[in-house]
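Given next are the chains, with one letter for each unit.
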Amino acid sequence: MTSDAVASRPRRTPKAGRDLPKAISVGIGLLVLVGASLAFRPEPFVLLATAAVGAALWELKQAFLRRDIHLPLLPLLVGAAGILISSYYSGPEALMVSFVLTVAGVVVWRVIDGSGTAAVRDAAAGTFATAYLPFMAGFVMMMLANPDNGRIQVLLFILLAVSNDVGGYVAGVLFGRHPLAPSISPKKSWEGLAGSFVLATAIGVLGAVYGLGVSPVIGVLLGIMVPLTATVGDLAESMIKRDLELKDMGSLLPGHGGVLDRLDSMLLTAPFVYLLLSVSL
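Looking up the protein chain in an unreviewed UniProt entry gives the name Phosphatidate cytidylyltransferase, with the organism given as Oerskovia rustica. Per UniProt, the comment on the protein chain under Catalytic activity (unreviewed entry) is "a 1,2-diacyl-sn-glycero-3-phosphate + CTP + H(+) = a CDP-1,2-diacyl-sn-glycerol + diphosphate". What UniProt states about the protein chain under its Subcellular location (unreviewed entry) heading is, verbatim, "Cell membrane".

Shown next, in the form of structure tokens:
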């Protein structure tokens, strides 16, 4: 085959549609950042999580503007910081109290700015944003607060989320033939979900045995549960993006989209991992 013929052939793009070099480099950078924040003290991770949730709330506000929905960003940011910090220092009761106070603050803030149908819609969207982002992230803070192995729990949680994405991506690209939810996320496949189960289970067992010192059965349960909850969380965000006619929630993370595009699978997963580890350790 001549060099001209080779040059004229169209370039193939990955089936999953990512800029792979950028996605890998940014992903490694994020893992290094998370590892560094957990290395010596838990407090830097609390600050990192607060910044990530704040960035995701800003992305959600910009996305909702496409439907003329205005999230009250300032009370959301203040409330998010309060939810994450209080849940780390004071546990489940503080998580619930700070959540209720944040929702109340969002509603009052929006009503002061004007009443009517638009105010009800914006306040409802603010309540959804509070539950979707800082409330779910609060369960990660409660994992972190465990005095014995909190940082290991959080690191395992993040590695499980990463293994779910990596296993699903690799298996989907190599073997994906049967769409999982074509009307919501056409690139997801049943083969990719199987890959997520395999890699997440392997990471779960290693983390349970060597990281937490518990039965490998706990790792298997984590490996089965995380792909299920992460997939539901990812599909839920895909439904929101499809309704808003968006490909990504943002562009802050090259090769990945926005911060919320990275957090979507973790958000719904966090409460389940927290509950499983709470009854197992």
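(A) Here's a closer look at the overall build of the protein chain. A tally of helices and strands in the protein chain yields 10 helices and 2 strands. Counted from the first residue to the last, the protein chain has its helices and strands arranged as α-α-α-α-α-α-α-β-β-α-α-α. Radius of gyration (C-alpha) of the protein chain: 20 Å, near the 19 Å computed for a compact globule of 281 residues. The buried share of the protein chain, reckoned over its 281 residues, is 47%. Of the contacts made within the protein chain by residues no fewer than 6 positions apart, 71% connect residues no fewer than 24 positions apart. With the model as given, the accessible surface of the protein chain reaches about 14,100 Å², and the carbon-plus-sulfur share is 70%. Averaging the positions of the 20 positive and the 18 negative side-chain charges in the protein chain gives two centres separated by 7 Å.

(B) Representation of the pattern of salt bridges. Counted by the stated rule, this structure contains 8 salt bridges. A salt bridge links arginine 121 to aspartate 68; the nearest nitrogen and oxygen atoms lie 4.0 Å apart. Placement of the pair is arginine 121 in helix α6 (residues 117-144) and aspartate 68 in the loop between α3 (43-64) and α4 (73-90), with a sequence separation of 53 residues. Overall, arginine 121 belongs to the partly exposed group, its relative accessible area being 33%. Taking the shortest distance from any N to any O, the salt bridge between arginine 262 and aspartate 165 comes out at 2.9 Å. Pair noted here: arginine 262 is in helix α10 (residues 259-280) and aspartate 165 is in helix α7 (residues 150-175), with a separation of 97 residues, a long-range link. Look at the salt bridges and you will find they share partners, linking Asp68, Arg110, Arg121 and Asp122 into a network.

(C) Spatial organisation of the packing of aromatic side chains. Per the stated rule, a full pass over the model turns up 6 aromatic pairs. Between tyrosine 88 and tyrosine 89 the ring centres are 4.7 Å apart and the planes differ by 75°, which places this aromatic pair in the edge-to-face class. Note on tyrosine 89: relative accessible area 56%, which makes it exposed. Ring geometry for phenylalanine 135 against phenylalanine 139: centres 5.5 Å apart, planes inclined by 90°, an arrangement best described as edge-to-face. With phenylalanine 135 and phenylalanine 139 both in helix α6 and 4 residues apart, the pair spans about one turn of that helix. For phenylalanine 139, a relative accessible area of 13% gives the class buried. Through a chain of ring-to-ring contacts, three or more aromatic side chains come together here, namely Phe99, Phe135, Phe139 and Tyr274.

(D) Just the confidence of the model for the protein chain, in detail. Residues of the protein chain with pLDDT of at least 70 account for 93%, and the chain-wide mean is 89. The secondary-structure element of the protein chain with the lowest mean pLDDT is helix α1 (residues 3-8), recorded at 44, while α4 shows the highest, at 96. The low-confidence segment residues 1-14, where pLDDT is below 50, has 3 contacts with residues more than four positions distant or belonging to other chains.

(E) Quick peek at the UniProt feature "transmembrane region" (unreviewed entry) in the protein chain. Taken from the UniProt record, the annotation "transmembrane region" (unreviewed entry) applies to residues 20-39, 71-89, 95-112, 124-145, 151-171, 192-211 and 217-236. Helix makes up 95% of residues 20-39 and strand 0%, whereas the separation of the span's terminal C-alpha atoms amounts to 28 Å.

(F) Focus on unusual backbone geometry. Backbone geometry at aspartate 68 places phi at a positive 60°, although glycine is not the residue there. The phi dihedral of glutamate 245 falls on the positive side, at around 60°, and the residue is not glycine. With respect to the element layout, glutamate 245 can be found in the loop between α9 (216-244) and α10.

(G) Highlighting the nonpolar core. Counting residues in each nonpolar core, the largest one holds 63 residues, and the members touching the most others are Phe45, Leu133 and Leu222. Counting residues per element, this core draws most heavily on α6, at 13 residues. Discounting chain neighbours no more than four positions away, the residues touching leucine 222 are Leu156, Leu160, Pro227, Val273, Leu276 and Leu277.

(H) Representation of the packing of α3 against α10. Packing of α3 against α10 leaves a shortest axis separation of 9 Å and a crossing angle of 110°. With respect to α10, the axis of α3 lies roughly perpendicular. Here α3 and α10 pass one another in a crossing that is left-handed. Two secondary-structure elements touch here, α3 through Ala52, Ala55, Ala56, Glu59 and Leu60 and α10 through Val259, Leu260 and Leu263. Split into classes, the residues belonging to the contact of α3 with α10 amount to 7 nonpolar, no polar and 1 charged.

Reading the values: the criteria
- Residues numbered from 1 in each chain as written.
- Predicted model: local features only at pLDDT ≥ 70, side-chain atom pairs only at ≥ 80, totals over all residues.
- Heavy atoms only, no water.
- UniProt positions renumbered as here; feature names shortened; annotations may be inferred.
- Helix = DSSP H or I, 4+ residues; strand = E, 2+ residues; numbered from the N terminus.
- Rg over C-alpha atoms; globule rule 2.2 N^0.38 Å.
- Buried < 20%, exposed > 50% of the residue type's maximum accessible area, 1.4 Å probe, protein only.
- Contact = heavy atoms within 4.5 Å.
- Areas by Shrake-Rupley, 256 points an atom, 1.4 Å probe, with all protein chains shown as cover.
- Lys, Arg positive; Asp, Glu negative; His and termini not counted.
- Charge placed at Lys NZ, Arg CZ, Asp CG, Glu CD.
- Salt bridge = Lys/Arg side-chain N within 4 Å of Asp/Glu carboxyl O.
- Phe/Tyr/Trp six-rings, centres within 6.5 Å; stacked < 30°, edge-to-face > 60°.
- pLDDT = per-residue confidence, 0-100.
- Core = buried A, V, L, I, M, F, W, Y, C linked by side-chain atoms within 4.5 Å.
- Axes fitted to C-alpha atoms, helices over the stretch in contact; angles between N-to-C directions.
- Parallel < 35°, antiparallel > 145°, perpendicular 65-115°, else oblique.
- Left-handed = near helix turned anticlockwise from the far one by under 90°.
- Nonpolar A, V, L, I, M, F, W, Y, C, P; charged D, E, K, R; others polar.

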